[in-house]
Amino acid sequence: MDTDQLVRLALTVPTANALAALRTLLTLPDGAARLNAELARRDPRERAAWGQQLAAADPRPGVGLRADGLPDIQWIAIPSGTFRYGLGDQQRQLDLAPFWIAQYPITYAQFEAFLSAPDGYSDPRWWVDLVQQPMTTQWFKYANHPRENVSWWQAVAFTRWLDALLPASSRPAAGSIRLPTEWEWEKAARGIDGRVYPWGDEYRAGYANVDEVSGGQGATYLPHTTAVGLYPQAASPFGVQDLCGNVWEWCLNEHAHPYNLGVSGQAVRVVRGGSWDDAPLVAQCAFRAGSLPASRFSGRGLRVVLGAAPVIPE
């Protein structure tokens with residue numbers, strides 16, 4: 001079976017043969033790229049349906065769990081250097097140290113590992129200076145969709161757990177696993193040239209899981225999250241996916257005082273990226289929003305970074 005046949009079979013309803021084709025495809029040097037190219041050509045509704053059907057058996061790297069039961073994170077390197085930060089006439093050059101960021105948001109399956117582990121959610125070590133809330137139910141219960149309905153406190157606790165348990169041999173560099181600062185998040189999303197969206201300066205219909213209809217910028221509104229990685233044409237200049245739409249992502253910063261990166265207190269925290277229920281305008285790379293650390297919504301999730309302790313950029 002040639003590569004084109006593998007791609008076509010892999011993107012059908014995930015029977016045993018289709019799953020075998022997908023796994024084989026992902027082992028080929030250009031297999032993931034060929035899969036992404038075909039996904040990008042398909043209607044968002046078709047992609048969403050395929051992701052839901054694939055959910056429980058999704059073999060794509062970075063989506064599920066490792067053999068040891070910990071989240072499988074695919075790390076993307078973000079090099080040091082300056083980039084354009086901010087909106088409009090408020091843009092300025094910032095300089096950041098290098099860091100690594102997860103290719104996708106944390107998925108439902110990956111967060112469930114934290115909830116079910118004996119040393120996971122119930123372990124008081126992860127909740128120092130945080131408020132341990134009862135966990136709420138995922139709205140869209142597909143293993144390969146982003147974990148949503150998660151508060152900022154719960155997101156921070158997850159990163160502490162993962163940082164403590166993920167072996168050094170599984171990390172591409174030294175450093176701690178944590179939530180990104182909003183400076184890191186924005187650089188990973190827009191690159192160094194100040195683009196408005198991860199792909200460029202204009203919104204393109206079908207490029208993100210957002211409400212295109214209410215914004216008058218397309219014909220698609222999916223009233224739910226989608227499996228991560230189904231909008232590969234929207235990857236950032238560094239290859240990071242799902243930074244536009246699907247779920248808002250928590251950042252470390254306080255919204256009113258972004259240079260405050262401490263975890264204690266009740267201050268509103270920054271969220272970035274927009275969600276499935278928002279117009280493209282608020283999914284722009286530089287758009288800042290905020291929410292109380294206790295708040296939980298079906299369009300709110302998280303992504304992790306690996307790097308040195310967060311510092312204020314120059």
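Quick caveat: nothing in here was measured; it's all calculated off a predicted structure. (Residues numbered from 1 in each chain as written. Predicted model: local features only at pLDDT ≥ 70, side-chain atom pairs only at ≥ 80, totals over all residues. Heavy atoms only, no water.)

Would you explain the packing of aromatic side chains in this entry?
We describe a pair of aromatic rings using the distance from one ring centre to the other and the angle between the two ring planes. In total, this model carries 16 aromatic pairs according to the counting rule given. Centroid distance Phe111 to Phe158: 5.2 Å. Interplanar angle 20°. Geometry classified as stacked. One end of the pair, Phe111, is in helix 5 (residues 108–116); the other, Phe158, is in helix 6 (residues 152–165), and 47 residues separate them in sequence. The interplanar angle of 65° and the centroid separation of 5.6 Å between the aromatic rings of Tyr197 and Tyr203 together place this pair among those described as edge-to-face. In this structure, Tyr197 and Tyr203 share a single accessibility class: buried. The ring of Tyr231 is capped by Arg47, whose NZ or CZ atom sits 4.7 Å from the centre of that ring. The ring centre of Trp250 lies 5.0 Å from the NZ or CZ of Arg300, which sits over that ring. (Phe/Tyr/Trp six-rings, centres within 6.5 Å; stacked < 30°, edge-to-face > 60°. Helix = DSSP H or I, 4+ residues; strand = E, 2+ residues; numbered from the N terminus. Buried < 20%, exposed > 50% of the residue type's maximum accessible area, 1.4 Å probe, protein only. Lys NZ or Arg CZ within 6 Å of the ring centre and 35° of its normal.)

Please explain the side chain of Glu148 as it appears in this structure.
Summarising the element assignment, Glu148 is placed in the loop between helix 5 and helix 6. Within the local environment of Glu148, its side chain forms a polar contact with the backbone nitrogen of Trp139, the two atoms lying 3.1 Å apart. When near neighbours in sequence (up to four residues on either side) are disregarded, Glu148 contacts Gln138, Trp139, Phe140, Thr225, Val247, Phe297, Ser298 and Arg300. (Polar contact = N/O pair within 3.5 Å; in protein donor to acceptor, adjacent residues only side chain to side chain. Contact = heavy atoms within 4.5 Å.)

Looking at this model, I keep getting lost on the sheet that holds strand 7 (residues 269–272). Mind explaining?
Within a beta sheet, neighbouring strands are joined by backbone hydrogen bonds and run either parallel or antiparallel to one another. Taken in spatial order, the 4 strands of this open sheet run 8-7-6-9, and their pairing is mixed. With one partner strand each, in any of the chains shown, strand 8 (289–291) and strand 9 (300–301) form the two edges of the open sheet. Here strand 6 (residues 248–254) pairs with strand 7 via 3 bridges, running antiparallel. The partner of Glu249 across the bridge, within strand 7, is Arg272. (Pairing = 2+ DSSP bridges.)

Explanation requested: helix 7 (residues 182–190) in the structure shown.
Given 3.6 residues to a turn, an α-helix orients residues that are three or four positions apart in the same direction. Within helix 7, 9 of the 9 residues are buried, which leaves it mostly tucked inside the rest of the structure. Phi turns positive, to about 75°, at Gly191, one or two residues after helix 7.

Would you mind showing me how to read the packing of helix 2 (residues 16–27) against helix 3 (residues 31–41) here?
Pairs of packed helices are described in terms of their axes, by the angle between the two and the distance that separates them. At a closest axis distance of 6 Å, the pairing of helix 2 and helix 3 adopts a crossing angle of 120°. Put simply, helix 2 runs oblique to helix 3. Across from Leu22, Leu25 and Leu26 in helix 2, the residues of helix 3 making contact are Gly31, Ala32 and Leu35. Grouping the amino acids of the contact of helix 2 with helix 3 by side-chain chemistry returns 5 nonpolar, 1 polar and no charged. (Axes fitted to C-alpha atoms, helices over the stretch in contact; angles between N-to-C directions. Parallel < 35°, antiparallel > 145°, perpendicular 65-115°, else oblique. Nonpolar A, V, L, I, M, F, W, Y, C, P; charged D, E, K, R; others polar.)

Looking at this structure, I do not really get empty space enclosed by the protein. What am I missing?
Vacant regions in the atomic arrangement are exposed by a probe of water-molecule size rolled over the atoms. All told, the structure shown has 2 cavities of 30 Å³ or more when counted by the stated rule. Roughly 50 Å³ of volume is contained in the largest cavity. If you go around the largest cavity, the residues you meet are Tyr207, Ala208, Asn209, Thr226, Tyr231, Ala234, Asp242, Cys244, Gly245 and Asn246. Among the residues forming the lining of the largest cavity, the class breakdown is 5 nonpolar, 4 polar and 1 charged. Counted as a void, the second largest cavity has a volume near 40 Å³. Lining the second largest cavity we find Gly62, Ile73, Gln74, Ala102, Gln103, Tyr104, Pro105 and Gln110. Residues that form the lining of the second largest cavity fall into these classes: 4 nonpolar, 4 polar and no charged. (1 Å grid on protein atoms, 1.4 Å probe; cavity = no way out; pocket = protein on both sides within 12 Å on 5 of 7 lines; lining within 4 Å. Points joined across faces, edges and corners; volume = space filled by probe spheres on them.)

Would you mind showing me how to read the pattern of salt bridges here?
Between side chains of opposite charge, a pair can form when the charged atoms approach closely. Within this structure, the stated rule accounts for 18 salt bridges. Between Glu38 and Arg42 there is a salt bridge; the shortest N-O distance is 2.9 Å. Using a relative accessible area of 17% as the deciding quantity, one classes Glu38 as buried. Taking the relative accessible area as the measure of exposure, Arg42 reaches 18% and is therefore buried. Between Glu112 and Arg147 there is a salt bridge, and its shortest N-O distance comes to 3.6 Å. Residue Glu112 is located in helix 5, and its partner Arg147 is located in the loop between helix 5 and helix 6; the two are separated by 35 residues in the primary sequence. (Salt bridge = Lys/Arg side-chain N within 4 Å of Asp/Glu carboxyl O.)

Any chance you could explain the packing of helix 1 (residues 3–10) against helix 3 here in plain terms?
The N-to-C vectors of helix 1 and helix 3 enclose an angle of 55°; their axes lie 10 Å apart at closest approach. Our classification of the angle between helix 1 and helix 3 gives oblique. Considering the relative orientation of helix 1 and helix 3, their crossing is right-handed. Each of Thr3, Asp4 and Val7 in helix 1 lies in contact with helix 3, whose residues at this interface are Arg34, Leu35 and Glu38. (Left-handed = near helix turned anticlockwise from the far one by under 90°.)

These figures come from the coordinates and say nothing about function on their own.
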